[in-house]
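What follows is each chain in one-letter form.
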Amino acid sequence: MRTTTTPAAVRRRTALGSALAAALVLGGCGAEVEQDAKESGEVTVKRCGEPVRYTLPERAVAYEGGSADKLFALGLTEHVHGYVMPPANPPVSESPWASEYAKVKMLSDDLLNKEVVVEAKADLVVAGWNSGFKDERGITPAILDKLGIQSFMHTESCFNYPGHPERMSPFEALYTDLERLGRIFRVEKKAADVVEGMKQRVAAVEAKAPAGDPVPVFLYDSGTDQPFTAGNQVPPNDIIAKAGARNVFDGLDERWTRVNWESVAAAEPEVVIILDYGDLPAEKKIDFLKKSPHTRELPAVRKNNFFVLDYNEGISGPRNIDGLEKFAAYVRELEG
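Residues numbered from 1 in each chain as written. Predicted model: local features only at pLDDT ≥ 70, side-chain atom pairs only at ≥ 80, totals over all residues. Heavy atoms only, no water.

**Q** So what exactly am I meant to see when it comes to the pairing of strand β13 (residues 306-310) here?
**A** One face of the sheet, then the other: side chains in a regular strand alternate in exactly this way. Where burial is concerned, most of β13 is hidden: four out of the five residues are buried. Pairing of strand β12 (residues 271-276) with β13 involves five bridges; the strand directions are parallel. Across the sheet, residue V272 finds its bridge partner in β13, namely F306. (Buried < 20%, exposed > 50% of the residue type's maximum accessible area, 1.4 Å probe, protein only. Helix = DSSP H or I, 4+ residues; strand = E, 2+ residues; numbered from the N terminus. Pairing = 2+ DSSP bridges.)

**Q** For this particular structure, what's the right way to read the environment of P86?
**A** Along the chain, P86 falls in the loop between β4 (80-84) and α4 (98-101). Ignoring any residue separated from it by four or fewer positions in sequence, one finds P86 in contact with Y63, E64, D109, D110 and L111. (Contact = heavy atoms within 4.5 Å.)

**Q** I'm lost on the sheet that holds strand β8 (residues 215-220) in this one. Help?
**A** Ordered by their spatial adjacency, four strands build an open sheet running β10-β8-β12-β13, and the pairing between neighbours is parallel. Across the chains shown, the open sheet's two edge strands, defined by having one partner strand only, are β10 (245-247) and β13. Taken pair by pair, the neighbouring strands of this sheet meet at an average axis angle of 35°, ignoring direction. The pairing of β8 with β10 spans three bridges and is parallel. (Axes fitted to C-alpha atoms, helices over the stretch in contact; angles between N-to-C directions.)

**Q** Looking at this structure, how should I read the side chain of S222?
**A** Position of S222 relative to the elements: it lies in the loop between β8 and β9 (228-230). In contact with S222, other than residues within four places in its own chain, are P227, F228 and Y277.

**Q** Looking at this structure, how should I read the pattern of salt bridges?
**A** Where side chains of opposite charge bring their charged atoms close, a pairing between them can arise. All chains considered together, the criterion is met by 17 salt bridges. Its salt-bridge partner being D287, residue K291 comes within 3.2 Å of it at the nearest N-O pair. Taken as a pair, K291 and D287 lie in helix α11 (residues 282-291) at a separation of four residues, close to a single helical turn. Given a relative accessible area of 57%, K291 falls into the exposed group. A salt bridge links E297 to R302; the nearest nitrogen and oxygen atoms lie 3.9 Å apart. Using a relative accessible area of 55% as the deciding quantity, one classes E297 as exposed. The exposure class assigned to R302 is exposed, which follows from its relative accessible area of 52%. Overlapping salt bridges, with partners in common, bring together R47, E50 and D145 in one network. (Salt bridge = Lys/Arg side-chain N within 4 Å of Asp/Glu carboxyl O.)

**Q** What's the story with the sheet that holds strand β5 (residues 105-108) in this structure? I'm lost.
**A** Two pairing modes exist for strands in a sheet, parallel and antiparallel, and in both the strands are linked by backbone hydrogen bonds. Strand order in the open sheet made by the five strands is β5-β4-β3-β6-β7, with parallel pairing throughout. Of all the strands in the sheet, the pair left with one neighbour each is β5 and β7 (150-153). Neighbour-to-neighbour, the strand axes of the sheet open up by a mean angle of 25°, direction not taken into account. In this sheet, strand β6 (residues 124-127) lies alongside strand β3 (residues 60-63) in parallel orientation, the contact comprising three bridges. In the sheet register, A60 faces β6, and the bridge partner there is L124. Sheet contacts for helix α3 (residues 64-73): β3, β4 and β6; angle to β3, the most-contacted strand, approximately 135°.

**Q** Quick question: what am I supposed to make of the packing of aromatic side chains here?
**A** In this description, an aromatic ring pair is defined by two values, namely the gap between the centres and the angle between the planes. Summed over the entire model, instances satisfying the criterion amount to 13 aromatic pairs. A ring pair is formed by F218 and W261, whose centres lie 6.4 Å apart and whose planes are at 75°; its orientation type is edge-to-face. Residue F218 is found in strand β8, and its partner W261 is found in helix α10 (residues 261-267); the two are separated by 43 residues along the sequence. Take F218: its relative accessible area is 0%, and that puts it in the buried class. (Phe/Tyr/Trp six-rings, centres within 6.5 Å; stacked < 30°, edge-to-face > 60°.)

**Q** How should the environment of V308 be read in this particular structure?
**A** Among the secondary structure elements, V308 is positioned in strand β13. Separated by 19 residues in the primary sequence, V308 and F327 have C-alpha atoms spaced 8.8 Å apart. The contact partners of V308, leaving out residues within four places of it in the chain, are I274, D276 and A282.

**Q** Would you explain the nonpolar core in this entry?
**A** Across soluble globular proteins, nonpolar side chains show a tendency to be buried alongside one another. One finds Y54, L71, F185, I273 and F327 to be the most contacted residues of the largest nonpolar core, which totals 57 residues. The residues contacting I273, other than those within four sequence positions of it, are V217, F218, L219, Y220, I240, F307, L309 and F327. With 19 residues, the next largest nonpolar core counts V117, A122, I149 and C158 among its residues. (Core = buried A, V, L, I, M, F, W, Y, C linked by side-chain atoms within 4.5 Å.)

Structure follows, in structure tokens:
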């Protein structure tokens, strides 16, 4: 997992190691990481269920907003070379970290591929399994390992990662990613502070959740013949649950998945979440649901109970917490 580094990168790594060594007291987790890094220049961090040794990245490439946001939330802009942002993603100008996006390069507006990563001379690629990394597109952690390029996968996407699966709830996976990236980039204290802030915001939402039976919620991503929706392995499931509602497909041990309209109708959702992205605006999705014979009589549709969730609030990333707070406020208004 070693990568070629420039003399400047070595100097920065040495300076960072010295500063951290002076600041940390041996015996804690951070001290163990620093001791590891000081002796070998590497730290061991899990990539899904696989322990991997990482050198300090200086030219990271992020795929999609969730990956870039995680790096920017940890204050790692100077370690980010650029990002790949397919056209389905909302504009980066809408991100809370828009100013950080402006400091790095947009490498491509297409799907992640090996060529763009190699051309960028990346020393770390951050993406999800089956969203960024994919066998069919010829870019996987195993392929990048052979090229000497490090990789990191969203823990939320490790549910079905071949050979080294890892499973945890989507929000726990978000916290884990930030902590693991904190170790890779030697900013464990910053990561701990960011995670603690998120947990406090989530706890504040849960404390205000409505009492009684949870409101049934259907997330509509896309699809006319068959709807594409959220199972229990993606962030919207936690967003819905922690707001005090219930994903009508929380029993599906899946990430993003197809169901049938009959099962949607049988669930009688009182709220429909529209995942907003790409070239099909949320308004057009709502219009389809109002006209379709499969959905026009759903309680949520008859009552016009639609909530629009931004794409980057629905995929794994710091903006999940923003999405939770907004949706929780919407649920409370319904109850009121």
